[in-house]
Amino acid sequence: MPAPFEYERATSVDQAIGLLERLGSSARLVAGGHSLLPMMKLRLANFEYLIDINDLHAELGYIRLSDDEVRIGAMTRHRELLDSDVLAGVFPIFRDAEKVIADPIVRNRGTLGGSLCQADPSEDLSAVCTTLDASCVIRGPGGSERVVTMEEFHVGPYETAVEDNEILTEIRIPRKSFPAGSAYAKVERRAGDWAVVSAGAAVWLDQGRIVDARVGLAAVGPNTTGIPEISAALRGHEPDESLYELAGAIAARSCDPSTDTRGSADYKRHLADELTRRTLRRAVERARS
């Protein structure tokens, strides 16, 4: 059972920020709560106040597409990300990932913002957003906003750049004017589980050559991991199996997994290699089509 706590319900972003400013570090926001509440039951997390922000879905639950970026509200639920044909048409990596996240009950309530703010090193959508070079919009008192990269957003395991009196409101993903493809793959012990290792890949092609590429890994270090060396190695080349092998080898030596109940460090490096190849291959196929 969790320790005793008080319950508040916010009806607007500004009200939620006002409550956070008044209550400080003794308060935590809750939307789906599928990660937070189990931690509270185990007394791994204890807060005096929970601020329910489910009423903010009308304000922060959206997917908006423009020529140069996609904007997704932090309260957008997993089910909405899975079902969005518009999002899948631009970044199919989201649908790939959502198919292997938990189960329908969790996907009906859990949110994109909650997933990112949990900052679990094995978190699927953190790996997706890292792969897509996403930025996070954080709002504070008085309507102030700041935009940070995914690398800046995740400070450490279960720790983000969001201050006690701030809230994540939006995720912004840039679009490039080239044919694009993206994909996600995950090895898990059972359906819907946290990843043993997962990988996301995104590529952009111009006349058959890679003009940009990104790979993001999860569960192989203290945070989801982007690998700039892979991007540099792939740019300017025509994609083929030898290039995928090179990217996989870079992924394996660049990650820092630990041995645990999900597998040995060597096994996880092998998975990082293999999943990097698979997702790059699939992303290129999608970009070509």
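Residues numbered from 1 in each chain as written. Predicted model: local features only at pLDDT ≥ 70, side-chain atom pairs only at ≥ 80, totals over all residues. Heavy atoms only, no water.

Taking an unreviewed UniProt entry as the reference, the chain is identified by name as FAD binding domain-containing protein belonging to Actinoplanes subglobosus.

So, the pattern of salt bridges
According to the stated counting rule, one finds 26 salt bridges in the structure shown. In this structure, Glu145 engages Arg139 in a salt bridge whose closest nitrogen and oxygen atoms are separated by 3.5 Å. According to the relative accessible area criterion, Glu145 is partly exposed, its value standing at 45%. Residue Glu166 pairs with Arg146 through a salt bridge whose shortest N-O separation is 2.7 Å. With Glu166 in the loop between strand E9 (159-160) and strand E10 (167-174) and Arg146 in strand E7 (residues 145-149), this residue pair connects regions lying 20 residues apart in the sequence. A relative accessible area of 11% places Glu166 in the buried class. Residue classification places Arg146 among the partly exposed positions, given a relative accessible area of 30%. Look at the salt bridges and you will find they share partners, linking Glu69, Arg71, Glu170 and Arg172 into a network. (Salt bridge = Lys/Arg side-chain N within 4 Å of Asp/Glu carboxyl O. Buried < 20%, exposed > 50% of the residue type's maximum accessible area, 1.4 Å probe, protein only. Helix = DSSP H or I, 4+ residues; strand = E, 2+ residues; numbered from the N terminus.)

Describing the packing of aromatic side chains
Inspection of every chain in the model, using the stated rule, returns zero aromatic pairs. Note that Arg64 overlies the ring of Tyr62, its terminal NZ or CZ placed 3.7 Å from the centroid. One residue, Lys176, lies across the ring of Trp204, its end atom 4.0 Å from the ring centre. (Phe/Tyr/Trp six-rings, centres within 6.5 Å; stacked < 30°, edge-to-face > 60°. Lys NZ or Arg CZ within 6 Å of the ring centre and 35° of its normal.)

A few points about the UniProt feature "domain: FAD-binding PCMH-type" (unreviewed entry) in the chain
As recorded in UniProt, the feature "domain: FAD-binding PCMH-type" (unreviewed entry) lies at residues 1-178. Secondary structure within residues 1-178 divides into 36% helix and 24% strand; the distance between the first and last C-alpha atoms comes to 52 Å. (UniProt positions renumbered as here; feature names shortened; annotations may be inferred.)

A closer look at unusual backbone geometry
Phi at Asp133 is positive, roughly 60°, even though this residue is not glycine. Along the chain, Asp133 falls in the loop between helix H9 (124-131) and strand E6 (135-139).

A look at the environment of Ile210
Following the sequence through the fold, Ile210 ends up in strand E13 (residues 209-218). A relative accessible area of 2% places Ile210 in the buried class. Taking the C-alpha atoms as reference points, Ile210 and Arg175, separated by 35 residues in sequence, lie 15 Å from one another. For Ile210, the residues in contact, after removing those within four places along its chain, are Trp204, Leu205, Leu234, Arg235, Gly236, His237, Pro239 and Leu243. (Contact = heavy atoms within 4.5 Å.)

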